[in-house]
Amino acid sequence: MKGSNSKQNKSLNLRLVLSQVATQSPLSRADLARATALTKQTITNLVDELISHQLVIETGQLKLGVGKPSTMLMLNGPGLFSLGIRVWPTRIELALSDLTGQLLQHQTQPRQNDVSLISQIGQFSTLFLQQSAHNHSQLLGAGLTIVSASVSEPEQRHQELQLLQQQLATVLQLPVCAAHTAAACAAWQLLHGEARQLNSFCYIHLGQQIDTAIVFERRLLQGQHGLTGALGEIFVTPDQDHSNGDFGRLNDFASVRSLQQFVDKKLPGLQLDSADGFDRLAAQADKLNLWFDRATEPMRVAIHTLETLFNCQTIIIGGEVSTWFLDRLISKLRPFIPSIAQYGPRDVPRLIKTPQVEQVAMQGLTALPLHAALRPDHARQVQLPPQSLLDARQQLLFCLDSVDAAEDEQ
């Protein structure tokens, strides 16, 4: 039991050190010792192990004041990568990012009715890696999400995602992490974006439905069955739909699905399921005034609700839209409804727009494997293939808990 506890502590310390390197680099071994309260010898041993597994690299020396220069450390961006997989009703998106969150490759392939989805993703992934000149051995894992054609029940979407995750882990021979898009984007923000220095925030994602991710003390909250974040389901108006008796939900006013329904009447044939569709829409943006007028107040109510209930440091907003569209929406949201967020000193604005909004979803998915590896409490979000198919690096990051459990049983 004592040996098992020692190994468990080492696992946690490895992740702690790797997390510091991921979010604070470049930094030295002495910086790590100060930040983690671990001894210099422990830090040296842990860093050596991370370097041996090619997770961390030395990146030159920095001299401050007197004494020897410090050797700086950072993630092995050029050497390790993660795969992002996004399944739409009519297409499959793949992306490849390095460990620093830099999006390197992005391709889309139409779905084929005569080929199973699992087979098509497997074939597409193999071709995608070959064309990008990357090896399977360089992959840390894959991030996965499903985009529904309609506003389906959250539980149904979650079950579909879990089933696909289990199948893909074996087919791809990789750890596969699954989440809704907002949670994936929040993971990227924590590791590489505006939230690297934040303790709490909400990420709102404007998609077919509006989802949000809630981060508290740098922990991405999952909720029961992993369903936290269905912001679009909240009622924002007292008006009832006479066909079903439901009150007006945020999804009915401000989601991309509601926008598509509006565009279908004004500009038939224009599809908004890609950046190209929004580029074409930009030339006729004046025809969207009525939609913005209808969407703005419900969205302001939703932001006020999040601030009042959670009082986070900031809200970050992104989605399946283009930069010009998000800029226009944010400009109409101001001034925000007064809330408790306005009291006391603020270090960051109440609302932040994600940069490069067209890339944020795929960046988020590729960040999921590293985020899950750094968070032991997210181990259940990872589906592993048979352990014999994992390399030593993947076993180090994803399997230590199971190894400890096996030792305890013995």
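Please refer to the structure placed before this passage.
Residues numbered from 1 in each chain as written. Predicted model: local features only at pLDDT ≥ 70, side-chain atom pairs only at ≥ 80, totals over all residues. Heavy atoms only, no water.

**Student:** Could you clarify how one ought to interpret the sheet that holds strand β6 (residues 103-110) in this entry?
**Tutor:** In a beta sheet, neighbouring strands are held together by backbone hydrogen bonds and run either parallel or antiparallel to one another. What the six strands build is an open sheet, ordered β6-β5-β4-β7-β8-β16; its pairing is mixed. The sheet terminates laterally at β6 and β16 (382-383), the two strands that pair on one side only. Sheet topology note: the strand β7 (residues 139-146)/strand β8 (residues 176-178) ladder contains three bridges and is parallel. Within β8, the position partnered with G143 by the bridge is C177. Sheet strands in contact with helix α12 (residues 360-374) are β4 (81-87), β5 (91-98), β6, β7, β8 and β16, and its direction is about 125° off that of β4. (Pairing = 2+ DSSP bridges. Helix = DSSP H or I, 4+ residues; strand = E, 2+ residues; numbered from the N terminus. Contact = heavy atoms within 4.5 Å. Axes fitted to C-alpha atoms, helices over the stretch in contact; angles between N-to-C directions.)

**Student:** Can you help me understand the nonpolar core in this one?
**Tutor:** Nonpolar side chains tend to gather and get buried jointly when the protein is soluble and globular. By size, the foremost hydrophobic cluster in this structure holds 96 residues, and its most contacted members are L18, L55, F201, Y203, I204 and M299. I121, L139, L161 and L164 belong to the second largest nonpolar core, which has 23 residues in total. (Core = buried A, V, L, I, M, F, W, Y, C linked by side-chain atoms within 4.5 Å. Buried < 20%, exposed > 50% of the residue type's maximum accessible area, 1.4 Å probe, protein only.)

**Student:** How do you make sense of helix α9 (residues 275-282) when you look at a structure like this?
**Tutor:** Turn by turn, an α-helix covers 3.6 residues, leaving residues three or four places apart pointing in a common direction. Within α9, the full set of buried residues consists of G277, F278 and L281. Across the axial projection of α9, the buried residues extend over an arc of 95°, all falling on one side. Looking at the buried positions of α9, the neighbouring elements they touch are α8 (256-266) and α11 (323-333). (Arc of directions from axis to C-beta.)

**Student:** Is there a simple way to think about α12 in this case?
**Tutor:** With 15 residues, α12 ought to run about 21 Å at 1.5 Å a step, and its terminal C-alpha atoms sit 21 Å apart, in line with that. Of all the bends in α12, the greatest reaches close to 40° and is centred on L368; the proline P369 follows between one and four positions later. The buried count for α12 comes to 15 of 15 residues, which makes it a mostly enclosed element. (Expected span 1.5 Å × (residues − 1). Bend = angle between axes of the 7 residues up to and from the residue.)

**Student:** Just checking my understanding: could you explain the packing of helix α10 (residues 289-310) against α11 for this structure?
**Tutor:** Axes are the key here: two packed helices are described by the angle between their axes and the distance separating the axes. For the pair α10 and α11, interaxial distance at closest approach is 9 Å and the crossing angle is 65°. The handedness of the crossing between α10 and α11 is right-handed. Counting all contacts with α10, which are made through N289, W291, F292, D293, T296, M299, R300 and I303, the residues of α11 involved are F325, R328, L329, K332 and L333. Classifying every residue of the contact of α10 with α11 gives seven nonpolar, two polar and four charged. (Left-handed = near helix turned anticlockwise from the far one by under 90°. Nonpolar A, V, L, I, M, F, W, Y, C, P; charged D, E, K, R; others polar.)

**Student:** Honestly, the sheet that holds strand β9 (residues 201-206) in this entry has me stumped. Any pointers?
**Tutor:** Strand order in this open sheet of five strands is β11-β10-β9-β14-β15, and the pairing throughout is mixed. Two strands bound the open sheet, and with one partner strand each, they are β11 (219-220) and β15 (351-353). Here two bridges tie strand β10 (residues 210-216) to β11, and the two strands are oriented antiparallel to one another. Its bridge partner lying in β11, V215 is registered against L220. In the packing of α11 onto the sheet, the strands contacted are β9, β14 (314-319) and β15, and the crossing angle to β15 comes to about 165°.

**Student:** Can you help me understand the pairing of β5 in this one?
**Tutor:** For a regular strand, side-chain orientation follows a simple rule: the groups alternate between the two sheet faces. Summarising burial for β5: eight of the eight residues are buried, a large majority. Where burial is concerned, the two faces of β5 agree: the one with R91, E93, A95 and S97 and the one with I92, L94, L96 and D98 are both buried. By the bridge criterion, seven bridges tie β4 to β5 in an arrangement that is antiparallel. Among the inter-strand pairings, V87 is bridged to a residue of β5, identified as I92. The hairpin turn running from β4 into β5, its antiparallel successor, is three residues long. In this structure, β5 lies alongside β6, joined through seven bridges in antiparallel fashion. Opposite R91, over in β6, you have P110 as the bridge partner.

**Student:** Looking at this structure, how should I read the packing of helix α2 (residues 29-36) against helix α3 (residues 40-52)?
**Tutor:** Interaxial distance between α2 and α3 falls to 9 Å at its minimum, and their mutual angle equals 120°. Two packed elements cross with a definite hand, and for α2 against α3 that hand is right-handed. Between α2 and α3, the contacting residues are R29, L32, A33 and T36 on the first element and K40, I43, V47, D48 and I51 on the second. Considering only residue class, the contact of α2 with α3 consists of five nonpolar, one polar and three charged.

**Student:** I'm lost on the pattern of salt bridges in this one. Help?
**Tutor:** Side chains that carry opposite charge are capable of pairing whenever their charged atoms lie near each other. The full count for this structure, using the stated rule, is twelve salt bridges. Across the salt bridge formed by D273 and R91, the nearest N and O atoms sit 3.4 Å from each other. Taken together, the positions of D273 in the loop between α8 and α9 and R91 in strand β5 put the pair 182 residues apart, joining distant regions of the chain. With relative accessibility at 29%, the residue D273 sits in the partly exposed group. Bridged by salt links that share partners, the residues R86, E93 and E320 form one connected network. (Salt bridge = Lys/Arg side-chain N within 4 Å of Asp/Glu carboxyl O.)

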